[in-house]
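# Descriptive structure summary
Residue strings, one per chain:
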Amino acid sequence: MDTTYHDESSELYLHPWTKIATILLITLFLPLLCISTTRSKTRNPPGPRALPVIGHLHLLSARLPKSLEALSNIHGPIMRILMGPTPVYVISDAATAQQILKAHDVDFSSKYPLGFGLSRFDIYDDSSFVNAQYGPYWRFMKKLCMTQLFAGPQLGRFVHIREQETSKLLESLEKKSRLGEPCDLGKELSGLANCIICRMVMGKRCAENPELPSEIRGLVRKMMEKAAKLSFVEVFGPLKRFDVLGNGRRLVAATWEYDRVMEEIMRKYEVDGDVYSHRGEEEEGGKDVMDILLETYRDPNAELKLTRNHIKKLFLEIFFAGVDTTAATIQFAIAELINNPKILNRLRQEIDTVVGSTRVLQEADIPKLPYLQAIVKETFRRHPAGPLLRRQCNVETKIKGYDIKPGDRIIINAYAIMRDTMTWKDPDEFVPERFLQPPAATESGRDSDTNIYQMDYKGQDCRFLPFGSGRRACPGTSHGLIVTHTAIGGLVQCFDWKVKDSDRIDIKLVTGYSGAMALPLICYPISRFDSI
Ligand code: HEM
């Protein structure tokens, strides 16, 4: 007889097989249980139902800012979408944007490339400033941009370049007016923005070779075209690794072409360094941006060791970030003015009164032209050239009760925010006056402290974000603003505009991530003065 005493009534009694099974279950499933408990504690924002592998790519049109706006109208101002396998938090209201860009600025000061798949085809992948993580390299370059490259005194030194290039554009349009020829305004304006930047960054080589700006423009355009050929699914989708259509390889080849030209330019600067070193800052051959960067590159005591790739990539990013943004904004403004003759006439009256007709508007006139300033602001609101702001989280943070973790990616949809009806009355209308007058009372639910006319470009008020906000805001803001104001003013002062084959311009957005205009703006300039 088995004398072992089993008190079967005891709660502790377990059959040996049951014991083994229990231990196995605990060992196998406890970790999973823990993970799922932690997961269930994580609060994710709402979002649409995702498909396996592609996530939400099927819901995103090539006009990304617009399709994200449409989704946020359904799912709310903070939503989580999957771009392929990668989650992205999309913010579409000013209050949440304020949390990320201002209250938690440092925690969200890193960035990621928007076309994540593109980095494989980027020969300078780890030398980017625009996509850099928040760290020593980004801080060093930001300081250099703000103190030496594009701000304050450096901008003042380049005034003659901006004035000469703007005059050249007006003269060429005057010639077209005399010959009764049309112009592709977008192309002319890209040429203007490109020549100005090219002369600022490598003025010496441009002085020797006046064809250099268009050569560089050609190389940058080629790269942009190759990048644009990469379809949405090739960039974000599950097959992005395979480059099945070969568009990635072609982009790499175009970048190497740019690299060769830049290397040659840099070598020439290094050889000529001594020849130029005696020249004063104000001279045409004085320090340009390339000189400053090469000096830093050679400086053994520099805070950070710059590489040649850093310099080449920075120039590329400046051409990407500074040329088409500026040209597109001026083009949108002129298109809106052609479509709104009353606004055009009011602006022209202001310019005629303040500047007159014996000289062309100059940078120094801008502060005396409030209606021009309001038109520029309204253009930036309706047609932001940088409609999506990217941020990456550095520290675990709660935003509006949702958990955001280090590495999580954020898109702030500035396009949607600058059309939010909670702030903007008739957001689809082009109304520069909203930036002149305090808004009407607040029966419609708008904030009573809405001082739209006081909003500036610094991104302090996250309802107006044309140049972003916080640490990662655009370092080219002052340059961009000067060029857009003077070009729009000059084009309105000097010409009447007639559209080819129509009275109005069809202002459609281009497909892609940016906010450029889809159709070329072909129009006839008709000179208002005998000569400029
Ligand atoms: C009308 C013209 C321009 C517009 C509308 C514009 C707009 C923007 C926007 C929205 C951003 C992102 C800001 C953020 O994420 O908070 C940005 C970043 C940037 N912009 Fe501009 N920009 C213009 C002109 C320029 C020019 C002329 C330059 C250079 C000379 C420039 C260089 C840059 C760079 C380097 C960044 C990245 C900054 C960083 O990540 O720290 N931009 N720009």
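Predicted model, so just to flag it, every value in this text is computed and none were measured.

### Overview of the overall build of the protein chain
What the protein chain contains, in helices and strands, is 16 helices and nine strands. Residues classed as buried in the protein chain amount to 49% of the 532 residues present. Long-range pairs, those at least 24 residues apart, make up 74% of the contacts in the protein chain with a sequence separation of at least 6. With the model as given, the accessible surface of the protein chain reaches about 25700 Å², and the carbon-plus-sulfur share is 56%.

### As for the confidence of the model for the protein chain
Residue-level pLDDT values for the protein chain average 85, and 81% of them are 70 or greater. Confidence, expressed as mean pLDDT per element, reaches its minimum in the protein chain at helix H1 (residues 16–41) with 46 and its maximum at helix H15 (residues 414–417) with 98. Ignoring residues within four places in sequence, the model shows residues 22–39, a span with pLDDT below 50, making two contacts including any to other chains. Between residues 441–445, whose pLDDT stays under 50, and residues either more than four places distant or in other chains, the model counts three contacts.

### Overview of the site of the ligand
The full set close to the ligand counts 26 residues, and Lys 111, Trp 138, Arg 391, Arg 472 and Cys 474 are the nearest of them. A distance of 3.4 Å is found between an oxygen atom of the ligand and a backbone nitrogen or oxygen belonging to Val 130. A distance of 2.8 Å separates an oxygen atom of the ligand from a polar side-chain atom of Trp 138. Of all elements in the fold, only helix H12 (308–339) and strand S4 (388–392) reach the threshold of two or more residues within the shell around the ligand. At six residues, H12 tops the list of elements feeding residues into the shell around the ligand.

### Focus on the UniProt feature "binding site: heme" (unreviewed entry) in the protein chain
According to UniProt, the positions carrying the feature "binding site: heme" (unreviewed entry) are Cys 474. Along the chain, Cys 474 turns up in the loop between H15 and helix H16 (477–494). The class for Cys 474 is partly exposed, based on a relative accessible area of 32%.

### Thoughts on the environment of Cys 183
Turning to its location among the elements, Cys 183 is positioned in strand S3 (residues 183–184). By relative accessible area, Cys 183 is classed as buried at 2%. Expressed as a C-alpha distance, the spacing of Cys 183 and Tyr 524, which sit 341 residues apart in the sequence, is 6.2 Å. Non-local contacts of Cys 183, meaning those with residues more than four positions away in its chain, are made with Leu 173, Lys 176, Glu 188, Trp 497, Leu 521, Ile 522, Cys 523 and Pro 525.

### With respect to the pairing of strand S2 (residues 86–91)
By the criterion of burial, S2 is predominantly enclosed, with five of the six residues buried. In this sheet, S2 lies alongside strand S1 (residues 78–83) in antiparallel orientation, the contact comprising six bridges. The residue bridging Met 83 from the neighbouring strand is Thr 86, located in S2. Hairpin connection of S1 to S2: two residues between the antiparallel strands, including Gly 84 at a positive phi of 65°. Judged from the four bridges that link them, S2 and strand S7 (residues 409–413) form a sheet pairing that is parallel.

What counts as what
- Residues numbered from 1 in each chain as written.
- Predicted model: local features only at pLDDT ≥ 70, side-chain atom pairs only at ≥ 80, totals over all residues.
- Heavy atoms only, no water.
- Helix = DSSP H or I, 4+ residues; strand = E, 2+ residues; numbered from the N terminus.
- Buried < 20%, exposed > 50% of the residue type's maximum accessible area, 1.4 Å probe, protein only.
- Contact = heavy atoms within 4.5 Å.
- Areas by Shrake-Rupley, 256 points an atom, 1.4 Å probe, with all protein chains shown as cover.
- pLDDT = per-residue confidence, 0-100.
- Near = heavy atom within 4 Å.
- Polar contact = N/O pair within 3.5 Å; in protein donor to acceptor, adjacent residues only side chain to side chain.
- UniProt positions renumbered as here; feature names shortened; annotations may be inferred.
- Pairing = 2+ DSSP bridges.

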